[in-house]
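Topology and contacts: notes
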Amino acid sequence: QLQFVESGGGLVQPGGSLRLSCAASAFTFHYYTIGWFRQAPGKDREGVSCFSSRDGSTYYKDSVKGRFTISRNNAKNTVYLQMNSLKPDDAGVYYCAASAHDGFNCLESEYEYAAWGQGTQVTVST
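Since we're looking at a predicted model, the values are computed, not measured.

1. What to know about the overall build of the protein
- When you go through the protein residue by residue, the secondary structure sums to zero helices and 11 strands.
- For the protein, the N- to C-terminal ordering of α and β elements is β-β-β-β-β-β-β-β-β-β-β.
- Against the globule reference of 14 Å for 126 residues, the protein gives a C-alpha radius of gyration of 13 Å, in line with a compact fold.
- Summarising the internal contacts of the protein: among those between residues at least 6 apart in sequence, 59% fall at separations of at least 24.
- As presented, the protein carries roughly 6,500 Å² of accessible surface, and 44% of it is formed by carbon and sulfur atoms.

2. With respect to the nonpolar core
- Among the nonpolar cores identified, the biggest contains 26 residues, and W36, F68, L81, M83 and Y94 are the most heavily contacted of them.
- A per-element tally of this core places strand 3 (residues 18–24) first, with four residues.
- Here L81 is in contact with L18, R19, L20, W36, V48, S49, F68, T69, I70 and Y94, once residues within four sequence places are set aside.
- With seven residues, the next largest nonpolar core counts F37, C50, A97 and F104 among its residues.

3. What to know about the side chain of D90
- With respect to the helices, strands and loops of the structure, D90 is situated in the loop between strand 8 (78–83) and strand 9 (92–99).
- Of the polar contacts made by the side chain of D90, one reaches the backbone nitrogen of K87; its length is 2.8 Å.
- The residues contacting D90, other than those within four sequence positions of it, are R38, V64, R67, F68, S85 and V122.

4. Structural notes on the side chain of S49
- Along the polypeptide, S49 turns up in strand 5 (residues 46–51).
- A polar side-chain atom of S49 sits 3.0 Å from the main-chain carbonyl oxygen of Y59.
- Here S49 is in contact with I34, G35, W36, Y59, Y60, I70, L81 and L107, once residues within four sequence places are set aside.

5. Details of the state of the cysteines
- With the rule as written, the count across this model stands at two disulfides.
- Between the sulfur atoms of C22 and its disulfide partner C96 the distance amounts to 1.9 Å. Disulfide C22-C96: the torsion about the S-S bond is 60°, which places it as right-handed. Here C96 lies in strand 9 and C22 lies in strand 3, a separation of 74 residues in the sequence. The same class applies to C22 as to C96, namely buried.
- With its disulfide-bonded cysteines labelled consecutively along the sequence, the protein is connected as 1-3, 2-4.

6. What about the packing of aromatic side chains?
- Scanning all chains against the criterion turns up five aromatic pairs.
- Arranged with centres 5.7 Å apart and planes meeting at 80°, the rings of F104 and Y113 form a pair that is edge-to-face. Of the two residues, F104 and Y113, neither departs from the other in class, the shared state being buried.
- The residue whose ring lies beneath R19 is Y80, and the NZ or CZ to ring-centre distance is 3.9 Å.
- Residue placement shows R45 over the ring face of Y95; its charged tip is 5.5 Å from the ring centre.

Reading guide: rules and limits
- Residues numbered from 1 in each chain as written.
- Predicted model: local features only at pLDDT ≥ 70, side-chain atom pairs only at ≥ 80, totals over all residues.
- Heavy atoms only, no water.
- Helix = DSSP H or I, 4+ residues; strand = E, 2+ residues; numbered from the N terminus.
- Rg over C-alpha atoms; globule rule 2.2 N^0.38 Å.
- Contact = heavy atoms within 4.5 Å.
- Areas by Shrake-Rupley, 256 points an atom, 1.4 Å probe, with all protein chains shown as cover.
- Core = buried A, V, L, I, M, F, W, Y, C linked by side-chain atoms within 4.5 Å.
- Buried < 20%, exposed > 50% of the residue type's maximum accessible area, 1.4 Å probe, protein only.
- Polar contact = N/O pair within 3.5 Å; in protein donor to acceptor, adjacent residues only side chain to side chain.
- Disulfide = S-S within 2.5 Å.
- Phe/Tyr/Trp six-rings, centres within 6.5 Å; stacked < 30°, edge-to-face > 60°.
- Lys NZ or Arg CZ within 6 Å of the ring centre and 35° of its normal.

Spelled out as structure tokens, the structure:
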């Protein structure tokens, strides 16, 4: 089974930072493509960042480039999303997801992800 422990969400002021964590308990992240997605109320879920299992390439939604960083710690079997300079438009429920496939657009092809975390709420407000 693919299992996650997802955490790190919370309330932050605009310009603040949060670090989301997604820890695997039943598989090794190194062998999977990992994506971070978010969904704001009334909006479709969108890809935020992803990490390809093929070559370690990372990808970011245009609006978060330069502010968000995806990374992993193989020893801890954990993937992180560091979010800096947060804006109100960044608010929503954030999900991590894992796919055994590679070579696909990991920001857009949500159907390729077989396992999803429970989601963690990110609120950006004064």
